[in-house]
Amino acid sequence: MQVTVIVPTFNEAPNVAELVRRIAAGAHGFDIDILFVDDSTDDTADVIRTVARTSPVPVRLIRRDEPTGGLGGAVAAGLEAAASDVCVVMDGDLQHPPEDIARLVARFRRGDVDMVVASRYIADGASAGLADRSRVLVSRGSTAVTKAMFPVRLKNVSDPMTGFFLVDRRAIDLEQLRPRGFKILLEILARRPLRVAEIPFSFAHRFAGDSKASFSQGLSFLAQLAALRFGKMSMFAVIGAAGAVANLAIVWVLSHAGMTDLAAMIIAAETTILANFLLQERYVFQDMRDQASGFLSRFLKSFLFNNAELLIRIPLTALMISTWHISVVIATGITLVAAFVVRFLFHSLVVYAPRRRKAESSVPSRARHFVEELDRQALRPGEL
Ligand code: GDD
Ligand code: MN
């Protein structure tokens, strides 16, 4: 088996020789080559070229003249240029012990996963190398928030913030990646479902040089989280807005056709609720459907929620106007925005919540089979 080790570097000159020596020494039972993706402003590239001449394993260097996407962009460029499909991504400062590459490869060789993550947070993994107490808190806190925001995708991943992992390039879509900043693993995991295993590892201290982590990296991480998660929310909003326009159009048509106002409003509301649900199934929550409850159950939850919301929203708006003495336009605006957020949260956390695994033995019932078939038919691509 051939494994390419991708190492993003930014001013890591004093670490290169030691890193290459330890990677080469630890590669037993598979072939290894090293690909540095360098954005340095110092002489790291020269040092890499010098070390490459005497290295026992092949060493390649990509010097990026336009270092887009920072650390994440460098890793993406490395994945694209790697000589083999099986790639290990690791830092260039020896905080990721090169001896653990063999353990990542061994786990991958069992053949049941696309990715193996080296985690600080399982079994005897450790994060001793985090600079101080506050970095430990930031790391733990952001891990918890991240996992809460991606409950399905990160179900099997205890350490989505690690920069040390093995990935089979064939399982990811490089075109899809929009890497920015430090957290490329999260970007990969959030984009597409992968089969993931973890092994514990001890995050060591830096061998030499200084960390490039900074406050602005923290901010860019938050922006990345929002973009990855609320990418869904923006699609949800687009569909909701289209639904509101359709709602008006239907009311207009029906009342012009002579229907009573109330009947026209009810038909328009229910039609758009139904259409919105089908569109959201297809375009917003498509990646969460498989693990959620069945089609009928999702539909009922969504339908009941939307109707309840409709019933509550009007009197609530009236109450706001009478107690806060605000205009009807402002009150409607506030309730519409609030309803949008609550609706999105309800759908992502309740309607599409991963269902608890039942005992393996439960044979799918006839009804279940029927619903699943309906689900499959209703969601065939290109029908909506
Ligand atoms: N090419 C390139 N371009 N490499 C970069 C850049 C960049 O803009 N910024 C940082 N790097 C490289 C560093 O040279 C190093 O090899 C690696 O990315 C990690 O950077 P560090 O400066 O060592 O950051 P850290 O130790 O604070 O953060 C690491 O720890 C996290 C776990 O807490 C990063 O590895 C994260 O990936 C890891 O998750
Ligand atoms: Mn580091």
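Just above, that's the structure.
Below is a summary of the structure that appears in this document. Just so you know, the residues in each chain are numbered from 1, in the order the chain's sequence is written. Note on labels: chains are lettered from A, ligands numbered from 1, in written order. Predicted model: local features are reported for residues with pLDDT of at least 70 only, side-chain atom pairs are reported and counted for 80 or more only, and whole-chain, interface and lining totals are derived from all residues. In computing side-chain values, all of the structure's heavy atoms are included and hydrogens and water are not.

**A look at the nonpolar core**
Put simply, buried Ala, Val, Leu, Ile, Met, Phe, Trp, Tyr and Cys residues joined by side-chain atoms within 4.5 Å make one nonpolar core. When a residue's accessible area, from a 1.4 Å probe over protein chains only, is under 20% of the maximum for its type it is buried; when over 50% it is exposed; and in between it is partly exposed. The biggest cluster of nonpolar side chains holds 35 residues, and the ones touching the most others in it are I32, F36 and I101. Broken down by secondary-structure element, the contributors of at least two residues to this core are β1 (2-9), α1 (16-26), β2 (31-38), α2 (44-54), β4 (86-89), α4 (101-109), β5 (115-119) and β7 (196-200). Here, two residues are considered to be in contact whenever any of their heavy atoms come within 4.5 Å of each other. Here I101 is in contact with V5, I23, F30, I32, V88, M90 and F164, once residues within four sequence places are set aside. Counting residues in hydrophobic clusters, the runner-up holds 31 residues, among them C87, L154, L177 and F221. Labels follow the DSSP assignment, with helices taken as runs of H or I lasting at least four residues and strands as runs of E lasting at least two, numbered in each case from the N terminus.

**Considering the packing of helix α9 (residues 295-324) against helix α10 (residues 328-351)**
Under this scheme, a helix contributes an axis fitted over its contacting stretch, all axes are lines through C-alpha atoms, and angles between N-to-C directions fall in the 0 to 180 degree range. Look at α9 against α10: their axes get within 10 Å of each other, and the N-to-C directions meet at 155°. Here α10 runs roughly antiparallel to α9, going by the angle between their axes. Crossing hand, α9 versus α10: right-handed. Across the contact of α9 with α10, the residue classes tally to 13 nonpolar, six polar and five charged. Comment on the angle field: the value is read as roughly parallel under 35 degrees, roughly antiparallel over 145, roughly perpendicular from 65 to 115, and oblique elsewhere. By definition, any crossing whose near helix is turned counterclockwise from its far helix by less than a right angle is left-handed, and any crossing with a clockwise turn is right-handed. The classification used treats Ala, Val, Leu, Ile, Met, Phe, Trp, Tyr, Cys and Pro as nonpolar, Asp, Glu, Lys and Arg as charged, and all other residues, Gly among them, as polar.

**Overview of the side chain of N276**
Structurally, the position occupied by N276 is in helix α8 (residues 261-283). If we ignore the near neighbours within four places in the chain, the residues touching N276 are I239, G240 and G243.

**With respect to unusual backbone geometry**
What you tend to see is this: most non-glycine residues have negative phi, and most peptide bonds are trans. In this structure, A123 is a non-glycine residue whose phi angle is positive, near 40°. A relative accessible area of 76% means that A123 is categorised as exposed. Positive phi, close to 55°, is recorded for H325, a residue that is not glycine. Along the chain, H325 turns up in the loop between α9 and α10.

**Looking at the layout of surface pockets**
A cavity here means a set of points on a 1 Å grid, drawn over the protein atoms and nothing else, where a 1.4 Å probe fits but cannot get out; a pocket is an open set with protein on both sides within 12 Å along at least five of seven lines, and a residue lines either one if it has an atom within 4 Å of a point. Grid points are joined across faces, edges and corners, and a volume is the space filled by probe spheres set on the points. Estimates place the volume of the largest pocket at around 1200 Å³. Every residue lining the largest pocket is counted, 44 residues in all, and those nearest its centre are R135, F182, K183, S211 and A213. Put simply, the parts of the chain that give the lining of the largest pocket at least two residues each are β1, α3 (70-81), α5 (133-149) and α7 (215-256). Residue composition of the lining of the largest pocket, by class: 19 nonpolar, 16 polar and nine charged. By volume, the second largest pocket amounts to about 990 Å³. Lining the second largest pocket are 32 residues; nearest its centre among them are N247, A269, L310, R313 and L336. For the lining of the second largest pocket, the secondary structure elements donating two or more residues are α7, α8, α9 and α10.

**Some thoughts on the packing of helix α6 (residues 184-191) against α7**
In contact at an axis separation of 11 Å, α6 and α7 are set at 5° when each is read in the N-to-C sense. The pairing of α6 with α7 is recorded here as roughly parallel in orientation. Note on element contacts: α7 touches α6 through F221, Q224, L225 and L228, opposite L186, E187, A190 and R191. Broken down by class, the residue content of the contact of α6 with α7 amounts to five nonpolar, one polar and two charged.

**Remarks on the coordination of the manganese ion (ligand 2)**
The coordination sphere of the manganese ion (ligand 2) contains the protein donors D93 (OD) and Q95 (OE1), at a distance range of 2.0 Å. No difference in accessibility class separates D93 from Q95, as the two residues are buried. Distances define the donors: N, O and S atoms within 2.8 Å of the metal qualify, as do those within 3.2 Å of Na, K or Ca. Water is excluded, so some sites may look unfinished.

**A word on the site of ligand 1**
When we say a residue is near a molecule or strand, we mean one of its heavy atoms is within 4 Å of it. Surveying the vicinity of ligand 1 reveals 26 residues, the closest of which are E12, D39, D91, M161 and K212. D91 is positioned with one of its side-chain polar atoms (N or O) 2.3 Å from an oxygen atom of ligand 1. We define a polar contact as two N or O atoms separated by no more than 3.5 Å, with the added condition that, inside protein, one atom must be a possible hydrogen donor and the other a possible acceptor, whereas residues neighbouring each other in sequence contribute only through side-chain atom pairs. Within the side chain of R206, an N or O atom sits 3.0 Å from an oxygen atom of ligand 1. Note on areas: these come from Shrake-Rupley sampling with a 1.4 Å probe, and a residue is covered only by the protein chains present in the view. In isolation ligand 1 offers 730 Å² of accessible surface; the protein chains occlude 96% of this area. To be counted as sitting in a cavity or pocket, a molecule needs more than half of its atoms within 2 Å of that site's grid points. Cavity membership is defined here by more than half of the atoms lying within 2 Å of grid points; on that basis ligand 1 lies in the largest pocket. Elements supplying a minimum of two residues to the shell around ligand 1: β1 and α3. No other element matches α3, which puts three residues into the shell around ligand 1. A breakdown of the residues in the shell around ligand 1 according to their chemical character gives ten nonpolar, seven polar and nine charged.

**So, the packing of aromatic side chains**
Pairs were defined over the aromatic rings of Phe, Tyr and Trp, the Trp ring being its six-membered one, requiring ring centres within 6.5 Å. Orientation was assigned from the angle between planes: stacked under 30 degrees, edge-to-face over 60, tilted for the rest. Applying the stated criterion to the full structure yields eleven aromatic pairs. When the centroid spacing of 5.8 Å and the interplanar angle of 55° are considered together, the rings of F277 and F295 count as tilted. Of this pair, F277 sits in helix α8 while F295 sits in helix α9, and the two are 18 residues apart along the sequence. The structure contains a cluster of three or more aromatic residues connected by ring pairs, namely F236, F285, F340, F344 and Y352. For a lysine, the NZ atom is tested; for an arginine, the CZ atom; a charge sits over a ring if that atom is within 6 Å of the ring centre and within 35 degrees of the ring normal. Cation over ring: R120 sits above F203, and NZ or CZ is 5.2 Å from the ring centre.

**Considerations on α1**
Every buried residue belonging to α1 is among V16, E18, L19, V20, I23, A24 and G26, and all of these are buried. On its buried face, α1 sits against β1, β2, α2, β3 (59-63) and α4.

**Regarding the pairing of β2**
With seven of eight residues buried, β2 lies mostly within the body of the structure. Paired strands, as defined in this entry, are two strands with at least two bridges between them according to DSSP. Relative to β2, β1 runs parallel, the two sharing eight bridges. Residue pairing across strands places V7 opposite F36, the latter belonging to β2. If the strands point away from the viewer and the path from the first strand over the helix to the second runs clockwise, then the crossover is right-handed. One crossover worth recording links β1 to the parallel β2 by way of α1, and it is right-handed. Where β2 and β3 come together, five bridges link them in parallel fashion. Across the sheet, residue L35 finds its bridge partner in β3, namely R60. Regarding the hand of the β-α-β motif, the stretch spanning β2, α2 and β3 is right-handed.

As far as function goes, none of this settles anything; it's purely spatial.
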